[in-house]
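Okay, here's what each chain looks like letter by letter:
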Amino acid sequence: MLKQRLITAFVLLATCAYGQQTVSGVVEDADNFPLTGVYVLVAPGGEGTVTDLDGQFEVTASPGDTLVFSFLGFSTQRIPVGNQTSLDVTMSENAQLIDEVVVVGYGITKKRDLVSSVSQVKGDVLENQPVSRLDQALQGRATGVSVTSNDGTPGSGATIRIRGTNSVNGNNNPLFVIDGFIAGSDFDLNTLNVNDIASIEVLKDATALAIYGTRGASGVVLVTTKTGANLSTERPIVSINQYYTVQNVANQVELLTGEDYANYVNEAAQFVPGPDGFGAIDPSLPLIFDDPASAPSTDWLGLVTQAGQIVNTDLSIRGNTGRTNYYVSMNRFDQEGVIKSSGFQRYSLRTNLDFKISDKLSTGIRVNLSRTNRENNKVNYSQIVSHLLPTRNVYDENGEYTAINPVSATLQRNPVADQELRVDNRYDNDLLANTYLQLEPITGLVLKTSFGAEISSFKRNFYLPGALPERLVDGTGGYASINTVQSNDLLNENTATYTFDVGNHGFNVLGGFSLQRNESEGFSANAERFPNDVVQFNNLSFGSDPATYQLSSGYSRRTFVSYFARLNYSFNSKYLISLTGRRDGSSVFEDGNKYAFFPSVGVAWNVHSEPFLSESNVVSRLKIRGSFGEVGEQGVPIYNSIARFNNVNAYFNETLVNGVLIGSLPSRNLTWETTQQLDLGFELGLWQDRIFLEADYYRKTTEDLLLNRDLPGTAGGSQLQNVGSIRNEGVEFSLRSFNISNGDFSWETQLTVSANRNEVLDLGGDEFINLRQPTNQGGSGVRLIPGQPAPVFVGAVYLGTYKDKETIVADGFEGRAFIGGPRYLDQDGNGVINDLDYVVIGNPQPDFYGGIRNTFSYKDFSLDIFFQGSYGNEGYNGVAQTGLFGRGEQTLLPAVVNRWQEGINETSNIPRAGASTSLFNPNNTLGIEDASFLRLKTLSLNYDLPVAGLGLDGIVRDLKVYVTGNNLFLITNWSFGDPEVSNYGSGLEQGVSTGEYPYSRSFTFGLNASF
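Residues numbered from 1 in each chain as written. Predicted model: local features only at pLDDT ≥ 70, side-chain atom pairs only at ≥ 80, totals over all residues. Heavy atoms only, no water.

When its secondary structure is counted, the chain shows 13 helices and 54 strands. For a compact globule of 1011 residues, the expected C-alpha radius of gyration is about 30 Å, and the chain comes in at 33 Å, within 12% of that figure. Taken along the three principal axes of its C-alpha coordinates, the chain extends 110 × 85 × 65 Å. Across the 1011 residues of the chain, 51% fall into the buried class. In the form shown here, the chain has an accessible surface area of approximately 43500 Å², with 55% of it arising from carbon and sulfur atoms. Put simply, the chain has 72 plus and 108 minus side-chain charges, and the middle of one group is 6 Å from the middle of the other. (Helix = DSSP H or I, 4+ residues; strand = E, 2+ residues; numbered from the N terminus. Rg over C-alpha atoms; globule rule 2.2 N^0.38 Å. Buried < 20%, exposed > 50% of the residue type's maximum accessible area, 1.4 Å probe, protein only. Areas by Shrake-Rupley, 256 points an atom, 1.4 Å probe, with all protein chains shown as cover. Lys, Arg positive; Asp, Glu negative; His and termini not counted. Charge placed at Lys NZ, Arg CZ, Asp CG, Glu CD.)

All right, on to the sheet that holds strand β1 (residues 21-28) then. The strand order across the open sheet formed by three strands is β4-β1-β7, and the pairing between neighbours is mixed. In this open sheet, the two strands that pair with only one neighbour each are β4 (56-61) and β7 (86-90). The mean inter-strand angle of the sheet, taken between neighbouring strand axes irrespective of direction, is 25°. Relative to β4, β1 runs antiparallel, the two being bridged by six bridges. Paired with Gln 21 across the strands is Ala 61, a residue of β4. (Pairing = 2+ DSSP bridges. Axes fitted to C-alpha atoms, helices over the stretch in contact; angles between N-to-C directions.)

Locating Val 223 in the fold gives a position in strand β16 (residues 220-225). For Val 223, a relative accessible area of 1% corresponds to the buried category. When the C-alpha positions of Val 223 and Leu 134 are compared, they lie 9.6 Å apart, and in sequence the two are 89 residues distant. Not counting residues within four places of it along the chain, the set of residues in contact with Val 223 comprises Leu 134, Val 177, Ile 178, Asp 179, Leu 192, Ile 197 and Ser 199. (Contact = heavy atoms within 4.5 Å.)

Because side chains alternate across β1, one face comprises the buried residues Gln 21, Val 23, Gly 25 and Val 27, and the other comprises Thr 22, Ser 24, Val 26 and Glu 28, none of which is buried. Sheet topology places β1 next to β7; five bridges connect them, and they run parallel. Bridging from a neighbouring strand, Val 27 pairs with Val 89 of β7.

The next thing to look at is the pattern of salt bridges. If you walk through the whole model with that rule in mind, you get 36 salt bridges. Note that Glu 528 and Arg 471 form a salt bridge whose closest N and O atoms lie 2.8 Å from each other. Of the two residues, Glu 528 sits in strand β27 (residues 505-530) while Arg 471 sits in helix α10 (residues 469-474), which places them 57 residues apart along the sequence. Glu 610 is paired through a salt bridge with Lys 574; the nearest N and O atoms lie 3.5 Å apart. With Glu 610 in the loop between β30 (595-606) and α11 (611-614) and Lys 574 in the loop between β28 (550-571) and β29 (575-586), this pair connects stretches of sequence that are 36 residues apart. Of the two residues, Glu 610 and Lys 574, both sit in the buried class. One salt-bridge network, in which partners are shared between bridges, spans Lys 111, Arg 163, Lys 204, Lys 623, Arg 625, Asp 679, Glu 683, Glu 694, Asp 696 and Glu 732. (Salt bridge = Lys/Arg side-chain N within 4 Å of Asp/Glu carboxyl O.)

Per the counting criterion, the structure on display carries 23 aromatic pairs. Between Tyr 824 and Phe 885, the aromatic rings sit 6.4 Å apart at their centres with planes inclined by 15°, giving stacked as the arrangement. Here the residue Tyr 824 occupies a position in strand β44 (residues 822-824), and Phe 885 occupies one in the loop between α13 (880-883) and β49 (928-930), the gap between them amounting to 61 residues. Geometry around Phe 560 places Arg 215 over its ring, the cationic atom sitting 4.2 Å from the centre. Its end group placed over the ring of Phe 458, Arg 426 keeps NZ or CZ at 3.9 Å from the ring centre. (Phe/Tyr/Trp six-rings, centres within 6.5 Å; stacked < 30°, edge-to-face > 60°. Lys NZ or Arg CZ within 6 Å of the ring centre and 35° of its normal.)

Let's shift gears to the pairing of strand β11 (residues 145-149). The element β11 is largely enclosed, with a buried count of four among its five residues. As judged from the five bridges shared by β11 and strand β12 (residues 158-162), these two strands associate in the antiparallel manner. Residue Ser 146 lies in a different strand from β12, and its bridge partner there is Arg 161.

A word on the side chain of Ser 737. Residue placement: Ser 737 occurs in strand β38 (residues 725-742). Overall, the relative accessible area of 9% leaves Ser 737 in the buried class. In terms of polar contacts, Ser 737 uses its side chain to reach the side chain of Asn 739, at 2.8 Å. When sequence neighbours within four positions are dropped, the list of residues in contact with Ser 737 reads Arg 690, Ile 691, Trp 747, Glu 748 and Thr 749. (Polar contact = N/O pair within 3.5 Å; in protein donor to acceptor, adjacent residues only side chain to side chain.)

This part takes up a negative patch on the surface. Taken together, the side chains of Glu 259, Asp 260, Asp 290 and Asp 291 make up a negatively charged region of the molecular surface. Here Asp 291 is to be found in the loop between β19 (280-281) and α7 (300-304). (Patch = residues over 30% accessible without salt bridge, like charges linked within 9 Å, V, L, I, M, F, W, Y side chains within 5 Å.)

With 12 residues, helix α6 (residues 258-269) extends 16 Å from end C-alpha to end C-alpha; this agrees with the ideal 16 Å at 1.5 Å per step. Close packing links the buried residues of α6 with β18 (271-272) and β19. (Expected span 1.5 Å × (residues − 1).)

Another aspect to go through is empty space enclosed by the protein. For the structure shown, the criterion picks out seven cavities of 30 Å³ or more. Its volume calculated, the largest cavity comes out at about 580 Å³. As for the largest cavity, its lining consists of 36 residues, and the residues nearest its centre are Ser 146, Thr 148, Pro 844, Gln 845 and Pro 846. Of all the secondary-structure elements, those providing two or more residues to the lining of the largest cavity are β11, β12, β39 (745-762), β46 (848-858), β47 (861-871) and β48 (874-877). Ranked by residue count, the leading element in the lining of the largest cavity is β11, at four residues. Split by residue class, the lining of the largest cavity holds 13 nonpolar, 19 polar and four charged. Here the second largest cavity defines a volume of roughly 420 Å³. Lining the second largest cavity we find 27 residues, and of these Val 131, Gln 136, Gln 247, Tyr 999 and Ser 1000 sit closest to its centre. If you list the elements that add at least two residues to the lining of the second largest cavity, you get β50 (933-944) and β54 (1000-1010). Looking at the lining of the second largest cavity, its residues break down into eight nonpolar, 15 polar and four charged. (1 Å grid on protein atoms, 1.4 Å probe; cavity = no way out; pocket = protein on both sides within 12 Å on 5 of 7 lines; lining within 4 Å. Points joined across faces, edges and corners; volume = space filled by probe spheres on them. Nonpolar A, V, L, I, M, F, W, Y, C, P; charged D, E, K, R; others polar.)

Read across the sheet, five strands follow the order β10-β15-β16-β13-β14 without closing on themselves; strand pairing throughout is mixed. The open sheet has two free edges, formed respectively by β10 (118-122) and β14 (181-184), since each of these has just one partner strand. Within this sheet the neighbouring strands show an average axis-to-axis angle of 20°, counted without direction. Where strand β13 (residues 175-178) lies against β16, four bridges are found, and the strand directions are parallel. If you follow Ile 178 over to β16, its bridge partner there is Val 223.

Summarising the element assignment, Ser 614 is placed in helix α11. With a relative accessible area of 38%, Ser 614 lands in the partly exposed category. Once the C-alpha coordinates of Ser 614 and Ile 442 are considered, the two residues, 172 residues apart in sequence, prove to be 35 Å apart. Dropping the residues within four chain positions of it, Ser 614 is found in contact with His 608 and Ser 609.

Bringing the environment of Leu 705 into the picture now. Mapped onto the elements, Leu 705 comes out in the loop between β35 (691-703) and β36 (706-710). The class of Leu 705 is buried, set by a relative accessible area of 0%. Separated by 467 residues in sequence, Leu 705 and Val 238 have C-alpha atoms that sit 52 Å apart. Leave out the neighbours within four places in its chain, and Leu 705 touches Asn 166, Ser 167, Val 168, Glu 673, Gln 721, Asn 722, Val 723, Gly 724, Ser 725, Ile 726 and Asp 762.

On the secondary structure map, Thr 964 appears in strand β51 (residues 958-966). Classification of Thr 964 as buried rests on a relative accessible area of 3%. Separated by 3.0 Å, the side chains of Thr 964 and Ser 940 make a polar contact.

On to the nonpolar core. Ranked by size, the top nonpolar core spans 50 residues in total, and within it Ile 384, Val 385, Ile 808, Leu 884, Val 896 and Phe 976 carry the most contacts. Of all the elements in the fold, those that place two or more residues in this core are α6, α7, α8 (381-386) and β42 (792-795). Residue contributions to this core peak at four residues, all from α6. Discounting residues that sit within four places of it in the chain, Val 896 has contacts with Leu 256, Tyr 264, Gly 883, Leu 884 and Ile 910. In terms of nonpolar packing, the next biggest core, distinct from the first, is built from 49 residues, Val 104, Tyr 106, Val 125 and Leu 222 among them. (Core = buried A, V, L, I, M, F, W, Y, C linked by side-chain atoms within 4.5 Å.)

In structure tokens, the structure reads:
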């Protein structure tokens, strides 16, 4: 029996060995050129190899196996082995990969035919991120695009700068175009569901931007939403996406605790100039705190923060019947902020429909309806960070909210009371709709007309109860206000596009006309001294003092009319030329200056089509391109060409009467800001674009800057004028590489790096313009200066603390400076430190910024890792001036524990307590910090469940679970919370921090299913 089993086993082994065979061959493309690096996998579960430089391969396989040939840019082929030992394989190009489609102004084009500089971000990159807005998800993903979050407030936006800052009083925000509708630069991105987006294109150079004329100087962001156009005509696809996110404060600001604060204040209370005038401690003076160890230590930041959460639900239906394709989605986004009593909610409904009425006539519509509710942050977070003392209790001995600063005895808000009692909500309704009719009367000629509208409104309900502690002290009762704004934006565009070939000459001609009108109407009312808090803002007449009633209303209208044209020419798809021009008219300018023309020209050379490269096995794509042109900016206030008046109240014959006073003078000969831009770029693809590099150099100069000039001695005080210029110059690099792509495993890398150098060339003869005073003392800290970036931080050079009497005397500050006190560089040597000693001490612009994304997939698992970073930028710590130099009625930073102390720490450069309590502590270099950072922005792990193995095939198409972490860790030298700050929103003054709504670290758990 044993002998028989051994014989059987031997026969089976021999049979298996006999069944193995060597299979070899050559892999070529359709033009019979060998393909190098093609993956050849023996399935199932066999060995794998790649083709050599001559396209040859060799594997061992069994007759029942299948050889799988896969290569980037080509359709995967599966060939049964059978009895074959030699195979010659011809792979066909996958046009969808080779000819990526890019959306441009008023059309689409293939990537290889693109003359312009355009960055593209696909919608799948943005999906399932716990953010309410697309700008928050765009950071680090597009070259030349700097995205800085203003703060962590739910529903808050980000500052987007495309190739730098162009304007001072004009507009630096990009123009948003949503599915062809020109939505403007102030479009509320909260109205869009991120998971509805199919792609985002960022137009950057003059050839791409000139088609938008006067509105393109700061760049254009094109948003295209999903449709059912690319689906098969099978049954519709129903998808549901549900995720839950937990959020916590990341990189919390650190402040001095109660005992350390009490010790500092006590030391400052006993500081005196001393008999020699160089500083001393007088122990006979009374202390502020008898026992610092028992002093209150209230963690105000801990009291107002919490674990936030997001609950998001997406439901969509999409399909294609051949004549009709559709995409319908519903979204509910609900976020509770990491600061208590703050949050954001959105409900949205999108419908995208396209109908093919006949072979020549088609129509469609895009509709997005949204309602958002923002529970505005009721806590003055900046006040907590800079003014709210740790030695102040939340409640007094009677259990009532405290309202007094215990050191200065001044009235102050109580953030715990604010969260409990204040009411502050904003409700927004937005309808964005765009419909088109398209006719192709003859082959290649497309006539299209579209009508779009955005109808939006918001209402803010605000109430300060009389029970608020600071209002109880004043006895002012309740205060209520209501603000409403209704806006209508109507757009009609008509285009004709003709595409035709004459031999090897290809032409695409576009001509169009556009008309747009914006109207806005606002109303506000408020009242005070409510006797109780029952009705709040619901009945303003309850305000018991009619003298406090205030009403205001306003109306504005702006119109645009435009003519535009574009000619794209190609010879044999090798030499490309693009000519673009747009003539714009705007109602905001005076007669004679209402119209302007903006032209551009771009050329490109597809070098890979030349004979000397067409047979290359290495270079699959090489394009050299360049462009030059002008775009404009008309960021001018409505009715600026006429004098504007403000209402005033005055007593006349003991009677209160209304009057008007001139508010600003009319502009004269005002015209558009004009930006000239040169762009030089190249694109290089290697091994069928397995490695793809794109690089650009640009130089753009903005002339005729719109600046408000002070006119002393005149009514109105200022006038908008065309003076000054700014230049931006930079380079951009993007790299995409398919590192591994075989069988079960793939690895892809995407890298973006951008660098921009900005310089103010001229300010109309002014030496500088002060922009902001970030602190309550010290003068202006942010300026525009010719020859410097826009903006820069200015202040005195801090030299540390005085260590001896001799240095004080040598500096000429005897009697005005103390040992252990701050020492500054006296630039003019006049013995006084003031703003005349201010120099440039930093700027918020990075040397370079970007991001790197790595995606890995193994069988049904995928891992997405994205890092975002910035290097070389500096930040302005607006609390350092008081938090390090010491003012007893304001908060202090932990670094003062290591301050200069006689006999204890006489080498410290942190001033001693009490030595710098003057109302004027100049802005200085101690408040400027390196704000470079590297952030693990997103890490996402996905698992596609085996539907067939679960017995769900035929019911469920796809079933995926995922876990995503956001802002998981941060590497930075910045000490004051998060380095990515923009205290003044999207203004020109970036990089200033005085204590903004904190950023969060989040973990998301989600389920995505398609039926």
